[in-house]
Amino acid sequence: MSEFSLSIRACELAEQVIREVIGEGAPLDRAYSRQFAGQKLAPAQQAQITRVVGEIIRRLNFYCYLAHVSLAEAGKHAADLLMAWHAYQQLQPPRWSQAAPLNAEVLTQRLQHANNVAALRDGCPAWLDVLGQRLLGQDWTAERAALAQAPKRYLRTNLLKCERSQLQSRLAKEGIATAVVEGVATALEVTSDAALFRTEAFKDGWFEQQDAGSQHVADALDVTPGMRVIDACAGAGGKTLHLAAKMQGKGRLLAMDVEQWKLDNLKDRARRAGAHNVETRLISSSKTIKRLKLSADRLLLDVPCSGLGVLKRNPDTKWHDTEARLPVLQALQAQILDSYSRMLKVDGILVYATCSIMPDENRQQVDNFLANHSNFQLLDDETISPAKSGFDGFYLARLQRTAE
């Protein structure tokens, strides 16, 4: 957390972001983009605002409790939440708002109560706490606490352009401090406030910002140069570009998605990364999948999910309509796994992945699929635990097709 009070301008920007995200339901990254557009903020100033806003949204019910604001009305009381943050940090807030500072005695009483209510202290809504306890049992307590922490910033070295040591040296020359991440061969942790996307290293395609846990997913696919690989839920293409680097730009890598704008963004990223073997294809109907039957040596299904493993990075997820969307998402996951798996060759490997740590989106989906598809077998699976790794939470299962 920041050790200093926010400036008046920073408070104004932070207040607007909180109102957009909590009051209007805007995605956090888009709210940041809108509020920071045209602002001449130093990297340290921007980082301070995102740290404070992230902390408030990660533990929104906690700060609502301190500010004596109902969760339903939180978007209308962003200034009060910022006052509560300053009080919790024992900092003097600037005079930018009519919101009154918190009474010290009342704050002490509320903190004592909140510290005795684990879900409140960890910023966990009631529905998620019930779900986590039901699905993860005793492990949920540690995961809940881990998901309340601020996310670290990780980079993935683009091996098409450089080695990790070369990237680290170049970033150091641009004033960006990093540390090697043990156990993840391409990852660096950024340990200083920095405007990463303004660096020459980024413009030259030497890295992508990607969580270290996420980098395990492409590794699990075990691709080699010359293969025919399909990333069937490519989105903006972070894992696609990782696969391209592991293929050394050789072979065919088909990135597919149901939204064209995501594929258009991927094309731009692929050009910058030098990933010349990436092709994009819009999934316009079931015929798109049928035409690719038995064509892929490797198939990645990074399916739409609840995002309940990446809450420290996307904390707004738990305050929106995620609970209501869970049944729809799980039905979609099952449908994608059933339909898209037909693109895999016999003896080929499929990786099913989510950014959730909940078994009903993960191993349960895999088990249900295997129960209805005797021509596939489970090789292995892994849950990347935020509590154990410090990374974001992910799940991945490796399946092999044994017959048509």
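Quantities reported herein were computed from a predicted structural model and do not represent experimental measurements.

The rules behind the values
- Residues numbered from 1 in each chain as written.
- Predicted model: local features only at pLDDT ≥ 70, side-chain atom pairs only at ≥ 80, totals over all residues.
- Heavy atoms only, no water.
- Helix = DSSP H or I, 4+ residues; strand = E, 2+ residues; numbered from the N terminus.
- Rg over C-alpha atoms; globule rule 2.2 N^0.38 Å.
- Contact = heavy atoms within 4.5 Å.
- Areas by Shrake-Rupley, 256 points an atom, 1.4 Å probe, with all protein chains shown as cover.
- Pairing = 2+ DSSP bridges.
- Axes fitted to C-alpha atoms, helices over the stretch in contact; angles between N-to-C directions.
- Buried < 20%, exposed > 50% of the residue type's maximum accessible area, 1.4 Å probe, protein only.
- Right-handed = clockwise from strand over helix to strand, strands pointing away.
- Salt bridge = Lys/Arg side-chain N within 4 Å of Asp/Glu carboxyl O.

Draft legend 1. Just the overall build of the protein, in detail. Counting secondary structure elements, the protein contains 18 helices and eleven strands. Relative to a compact globule of 404 residues, whose C-alpha radius of gyration would be 22 Å, the protein shows 22 Å and is just as compact. Its C-alpha atoms put the protein at 70 × 50 × 35 Å along the principal axes. Contacts spanning at least 24 positions in sequence make up 71% of the contacts within the protein whose residues lie at least 6 apart. As presented, the protein carries roughly 17,900 Å² of accessible surface, and 47% of it is formed by carbon and sulfur atoms.

Draft legend 2. Region of interest: the sheet that holds strand S3 (residues 187-190). Taken in spatial order, the four strands make up an open sheet running S2-S3-S1-S4, and their pairing is antiparallel. The sheet terminates laterally at strand S2 (178-180) and strand S4 (207-209), the two strands that pair on one side only. Between one strand axis and the next, the sheet turns by 35° as a mean value, whatever way the strands run. Where strand S1 (residues 153-157) lies against S4, three bridges are found, and the strand directions are antiparallel.

Draft legend 3. Region of the structure containing the sheet that holds strand S8 (residues 296-302). As summarised here, the arrangement of the seven strands in space is S7-S6-S5-S8-S9-S11-S10, forming an open sheet in which the pairing is mixed. Each edge of the open sheet is held by one strand with a lone partner, namely strand S7 (278-282) and strand S10 (376-384). For this sheet, the mean inter-axis angle between neighbouring strands, taken without regard to orientation, is 15°. Against the sheet, helix H16 (residues 322-340) makes contact with S8 and strand S9 (344-354), and its axis sits at roughly 175° relative to S8, the strand it touches most.

Draft legend 4. How the structure looks around the pairing of S8. Within S8, six of the seven residues are buried, which leaves it mostly tucked inside the rest of the structure. When strand S5 (residues 228-231) meets S8, the two strands line up parallel, connected through three bridges. Opposite Asp 231, over in S8, you have Leu 300 as the bridge partner. Across six bridges, S8 lies against S9 in parallel orientation. Directly across from Ala 296, in S9, lies its bridge partner Leu 344. Each parallel crossover has a hand, and the one from S8 via H16 to S9 is right-handed.

Draft legend 5. Expanded view of the side chain of Asp 257. With respect to the helices, strands and loops of the structure, Asp 257 is situated in strand S6 (residues 252-257). Residues in contact with Asp 257, not counting those within four places in the same chain, are Ala 232, Cys 233, Ala 234, Gly 235, Lys 262, Leu 263, Arg 281, Leu 282 and Ile 283.

Draft legend 6. Region of the structure containing the pattern of salt bridges. Under the defined criterion, the tally for this structure stands at 25 salt bridges. Close ionic contact of Arg 34 with Glu 20 constitutes a salt bridge, the shortest N to O distance being 2.7 Å. Of this pair, Arg 34 sits in helix H2 (residues 28-36) while Glu 20 sits in helix H1 (residues 8-24); the two residues are 14 residues apart in sequence, bridging distant segments of the chain. Given the relative accessible area of 8%, Glu 20 is considered buried. Ionic pairing is found between Arg 313 and Asp 211, a salt bridge with its closest N-O pair at 3.1 Å. Highlighted residues: Arg 313 in the loop between S8 and H16 and Asp 211 in the loop between S4 and helix H12 (215-221), separated in sequence by 102 residues. Linked through salt bridges whose partners overlap, the residues forming this network are Arg 121, Asp 122, Asp 129 and Arg 144.

Draft legend 7. Region of the structure containing the side chain of Asn 277. In this fold, Asn 277 is placed in the loop between helix H14 (260-273) and S7. Not counting residues up to four positions away in its chain, the partners in contact with Asn 277 are Ala 244, Met 247, Gly 249, Lys 250, Gly 251, Arg 252 and Leu 253.

Draft legend 8. How the structure looks around the pairing of S9. Of all the eleven residues making up S9, eight are buried; the element is thus mostly covered by neighbouring parts of the structure. Of the strand pairs in this sheet, S9 and strand S11 (residues 394-401) are connected by six bridges, and their pairing is antiparallel. If you follow Thr 354 over to S11, its bridge partner there is Tyr 395.

Remember, this is a structural readout, not a statement about activity or role.
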